[in-house]
Amino acid sequence: MAPVALGIVGYGIMGERLLRAAVNHDQAVLRLAGVWDPSQAALERLAAEFPDVPRLGSAAEVLAASDCLYVASPPLSHLDHAGAAFAAGRAVFCEKPLAVDVAAARALVAAARSTGGRAGVNFPFASSFAVEQLVRWIEEGVVGEPVSLTIEVGFAAWPRPWQVDAASWLDRPAQGGFTREVISHFLFLARRLLGPLELREAEARFPGEGASERSVRARLAAGGLEVRLTGGVGTTEKPDHNLWVLEGSAGAVRLRDWSFAERRAADGTWHEAPDAMPNERARPLVLKRQLDKVAAMTRGEPHRLASLEEALEVQETVEAILAARRDG
């Protein structure tokens with residue numbers, strides 16, 4: 001069986017991370033067909049670091065060379081690239097958020113469903129070792145009957161230090177902000193493990209017209225379970241801190257800082273899984289697993305990538321939270 005040819009549109013942080021994973025992947029399973037970014041500086045950086053990776057002249061050239069298109073451009077362009085790929089009969093692996101325009105996203109998802117379009121969205125919790133551990137604990141009865149879920153995210157500043165070069169869009173309300181960029185991951189996790197999302201109450205505070213949100217709070221349900229969500233900038237000294245805590249009748253488990261699965265002992269202390277590792281070590285291993293799923297999806301085989309429907313539900317929830325805007 002020939003390897004899946006993966007093309008990449010967008011060579012920012014996520015484009016580079018997935019490219020590194022693809023370069024180190026089994027080339028009999030997946031190979032890089034080419035990369036394009038509208039920024040000449042980005043392509044020069046690619047040439048310096050990966051001179052053997054084809055740099056193509058347009059998104060259309062990448063699409064023509066690919067079996068699957070990885071859309072790693074800013075969110076406002078996701079639907080255009082994904083739509084072109086579906087029209088060409090290619091598979092799509094899209095960065096989150098799926099889009100910003102909810103109505104347009106619904107139309108794309110409906111069209112892909114009706115035509116059998118092959119697609120997945122890059123929520124890495126679908127391949128997370130820590131999430132697998134949480135699931136095992138839940139299945140073993142550590143939680144008992146789930147009672148509530150708490151999601152907390154905090155940042156010393158926004159954008160985070162490694163994202164400052166993308167501040168021109170990442171700290172703008174049109175397509176940026178931490179709710180789309182970070183909270184969406186934890187809403188996806190709630191959706192996948194607990195069930196459909198329902199937003200009941202929300203507030204998002206913005207510092208002014210030109211900047212993204214600085215705090216959010218929301219009350220939701222996931223599969224009928226009560227969910228409390230808070231997020232804020234300047235709430236921690238860490239560049240990035242997050243908790244996803246599932247409380248139950250028998251105990252509690254949580255995901256901390258992206259990659260630490262922990263369970264609460266009887267004395268109230270938290271204990272991480274023996275094989276837990278920091279996100280910097282876990283990320284390339286998780287992306288490798290994601291790429292295995294991308295190859296399976298492209299071939300029309302079963303996979304566990306985030307579906308378009310799951311991503312759309314997360315997007316609808318995120319945009320509804322941001323629509324509950326308060327200034328100041």
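Basis of the calculations
Numbers given for residues are sequential positions, taken from 1 along each chain in its written order. Owing to the predicted nature of the model, reporting of local features is limited to residues with pLDDT of at least 70; listing and counting of side-chain atom pairs is limited to 80 or more, with chain, interface and lining totals taken over all residues. Working from all heavy atoms in the structure, the side-chain values ignore hydrogens and water. The criterion for strand pairing is that DSSP finds at least two bridges linking the strands in question. Only DSSP runs of H or I reaching four residues or more are called helices, and only runs of E reaching two or more are called strands; each is numbered from the N terminus. Axis definition: a line fit to C-alpha positions, over the contact stretch in the case of helices; interaxial angles, taken between N-to-C directions, run 0 to 180 degrees. Roughly parallel means an angle under 35 degrees; roughly antiparallel, over 145; roughly perpendicular, 65 to 115; everything else is oblique. Residues are treated as being in contact if the distance between any of their heavy atoms lies within 4.5 Å. Residues are grouped as follows: Ala, Val, Leu, Ile, Met, Phe, Trp, Tyr, Cys and Pro are nonpolar; Asp, Glu, Lys and Arg are charged; all remaining types, including Gly, are polar. We define a salt bridge as a side-chain nitrogen of Lys or Arg found within 4 Å of a carboxyl oxygen belonging to Asp or Glu. Three exposure classes are used, based on accessible area relative to the maximum for each residue type with a 1.4 Å probe and protein chains only: buried under 20%, partly exposed in between, and exposed over 50%.

Chemist: For this particular structure, what's the right way to read the sheet that holds strand β10 (residues 241-248)?
Modeler: The pairing of strands in a sheet happens through backbone hydrogen bonds and is either parallel or antiparallel. With mixed pairing, nine strands are arranged side by side in an open sheet as β13-β12-β11-β10-β6-β9-β8-β7-β14. The outermost strands of the open sheet, each flanked by one partner alone, are β13 (270-272) and β14 (325-327). Direction aside, the axes of adjacent strands within the sheet are offset by 15° on average. As judged from the eight bridges shared by strand β8 (residues 215-222) and strand β9 (residues 225-233), these two strands associate in the antiparallel manner.

Chemist: How do you make sense of the packing of helix α5 (residues 102-115) against helix α10 (residues 308-323) when you look at a structure like this?
Modeler: When two helices pack together, their arrangement is given by the angle between the helix axes and the distance between those axes. Relative to each other, α5 and α10 sit at 170°, their axes nearing to 10 Å. In this view, α5 runs roughly antiparallel relative to α10, as classed from their interaxial angle. In contact with Val102, Ala105, Arg106, Val109, Ala112 and Arg113 of α5, α10 contributes Leu308, Glu309, Leu312, Gln315, Glu316 and Glu319. Its residues placed into classes, the contact of α5 with α10 shows six nonpolar, one polar and five charged.

Chemist: Where do I start with the pattern of salt bridges in this structure?
Modeler: As a working rule, side chains carrying opposite charge can pair if their charged atoms are close by. A full pass over the atoms with the stated rule returns 28 salt bridges. Between Arg20 and Glu49 there is a salt bridge, and its shortest N-O distance comes to 2.4 Å. Here Glu49 lies in helix α2 (residues 40-49) and Arg20 lies in helix α1 (residues 13-23), a separation of 29 residues in the sequence. With relative accessibility at 36%, the residue Glu49 sits in the partly exposed group. Within this structure, Lys238, Arg254, Arg256, Asp257, Glu262 and Glu272 form a network of salt bridges that share partners.

Chemist: How should unusual backbone geometry be read in this particular structure?
Modeler: One can expect most non-glycine residues to show negative phi and most peptide bonds to be in trans. The omega torsion of the bond from Lys96 to Pro97 falls at -10°, within 30 degrees of zero and hence cis. With respect to the helices and strands, Pro97 occurs in the loop between β4 (91-94) and α5. For the peptide bond that leads from Trp158 to Pro159, omega is 0°, which places it in the cis range. Within the secondary structure, Pro159 sits in the loop between β6 (146-155) and α7 (167-170). Positive phi values are uncommon outside glycine, yet Asp257 reaches one of about 50°. One can find Asp257 in the loop between β11 (252-256) and β12 (260-264). Unusually for a residue other than glycine, Trp258 sits at a positive phi of about 75°. Residue classification places Trp258 among the buried positions, given a relative accessible area of 16%.

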